[in-house]
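Architecture and fold: a report
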Amino acid sequence: MKRLLIVANAPSPNTLGLRSAIENGARNPDIEAVDVVVKAPLEAGPEDILACDAIILGTTENLGYMSGALKDFFDRSYYPCLEKTQGLPFAFYIRAGHDGTGTRRAIEAITTGLRWKLVQDALVCRGEFRPEFEEQCYELGMTVAASLDAGLI
């Protein structure tokens, strides 16, 4: 079994729905050999990253930046994982009230430093909350898990 780690901040019912959609997509019944682990950023740490084969990150846009919880996760995990997780496949999504540019740039800077491999373009759910955000998150979770299951990533 391969392990997919989902680390996503979900401070509201809408963002919890996005994280659940990611998880539901990753747990699609057609995906057989992927163990899905879901954690809040303050509950996850370097040991979780070291034990996974791919990771999906999720955050809200807070003042043009990632959530403090996801930043804390990176702060605690960066150096313990720096030399041990190069090439780790990852994807991420942002729930952005504005444009998500600063949040995206920050996540890309940190993951570039870690030398992780982005396997799908960032999903940025911009503006007023819409039901299709959950559909897009489901697709993201399913695509990453299916790719992991098939050995493509």
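Located above this text is the structure these notes cover.
Attention in this report is confined to the structure presented alongside it. Just so you know, these numbers come straight off a predicted model, no measurement behind them.

A few words on the overall build of the chain. Across its full length, the chain holds 5 helices and 6 strands. Listed by position from the N terminus, the elements making up the chain come as β-α-β-α-β-α-β-α-β-β-α. Against the globule reference of 15 Å for 153 residues, the chain gives a C-alpha radius of gyration of 14 Å, in line with a compact fold. With the C-alpha coordinates of the chain rotated into their principal frame, the extents come out at 40 × 35 × 25 Å. A burial count over the chain gives 48% of its 153 residues as buried. Residue pairs at least 24 apart in sequence account for 83% of intrachain contacts in the chain once pairs closer than 6 positions are excluded. Computed over 15 positive and 21 negative side-chain charges, the separation of the two mean positions in the chain equals 5 Å.

Turning our attention to the pairing of strand 1 (residues 2-8). With 5 of its 7 residues buried, strand 1 lies for the most part within the structure. Pairing of strand 1 with strand 2 (residues 34-39), which is carried by 6 bridges, proceeds in the parallel orientation. Its bridge partner being in strand 2, L4 is matched across the sheet by V36. In the classification by handedness, the crossover that spans strand 1, the intervening helix 1 (residues 13-26) and the parallel strand 2 is right-handed. Here strand 1 runs beside strand 3 (residues 54-60); their pairing, made up of 5 bridges, is parallel. Along strand 3, the bridge assignment pairs A8 with G58.

Assignment of secondary structure puts E61 in the loop between strand 3 and helix 3 (68-81). A polar atom in the side chain of E61 sits 3.2 Å from the backbone nitrogen of G97.

The next subject is the pattern of salt bridges. Counted according to the given criterion, the structure contains 8 salt bridges. Ionic pairing is found between D75 and K71, a salt bridge with its closest N-O pair at 2.5 Å. Placement of the pair is D75 and K71 together in helix 3, with a separation of 4 residues, close to one helical turn. Through salt bridges with shared partners, a single ionic network connects R104, E108 and D121.

If you look at the biggest cluster of nonpolar residues, it comprises 26 residues, and the most contacted ones within it are I55, L57, F73, F74 and W116. Among the elements of the structure, strand 1, strand 3, helix 3, strand 4 (89-96) and helix 4 (101-114) are those that each provide at least two residues to this core. Beyond its immediate chain neighbours, meaning those up to four positions away, W116 contacts I49, I55, L57, F74, T85, G87, L88, F90 and T111. Core analysis: the second largest hydrophobic core is formed by 22 residues, I22, V34, A91 and L123 among them.

Taken as a whole and assessed by the stated rule, the structure comprises 0 disulfides. Cysteine C125 shares no disulfide, and the gap to the nearest cysteine sulfur, in C137, comes to 4.5 Å.

Inspection of every chain in the model, using the stated rule, returns 6 aromatic pairs. Both rings, one in F74 and one in W116, keep their centres 6.4 Å apart while their planes meet at 50°; by these two values the pair is tilted. Of the two residues, F74 sits in helix 3 while W116 sits in the loop between helix 4 and strand 5 (117-118), which places them 42 residues apart along the sequence. For the pair F74 and W116, a shared accessibility class is recorded, and that class is buried. Ring pairs connect the aromatic residues F73, F74, F90, F92 and W116, which therefore count as one cluster.

About the thresholds
- Residues numbered from 1 in each chain as written.
- Predicted model: local features only at pLDDT ≥ 70, side-chain atom pairs only at ≥ 80, totals over all residues.
- Heavy atoms only, no water.
- Helix = DSSP H or I, 4+ residues; strand = E, 2+ residues; numbered from the N terminus.
- Rg over C-alpha atoms; globule rule 2.2 N^0.38 Å.
- Buried < 20%, exposed > 50% of the residue type's maximum accessible area, 1.4 Å probe, protein only.
- Contact = heavy atoms within 4.5 Å.
- Lys, Arg positive; Asp, Glu negative; His and termini not counted.
- Charge placed at Lys NZ, Arg CZ, Asp CG, Glu CD.
- Pairing = 2+ DSSP bridges.
- Right-handed = clockwise from strand over helix to strand, strands pointing away.
- Polar contact = N/O pair within 3.5 Å; in protein donor to acceptor, adjacent residues only side chain to side chain.
- Salt bridge = Lys/Arg side-chain N within 4 Å of Asp/Glu carboxyl O.
- Core = buried A, V, L, I, M, F, W, Y, C linked by side-chain atoms within 4.5 Å.
- Disulfide = S-S within 2.5 Å.
- Phe/Tyr/Trp six-rings, centres within 6.5 Å; stacked < 30°, edge-to-face > 60°.

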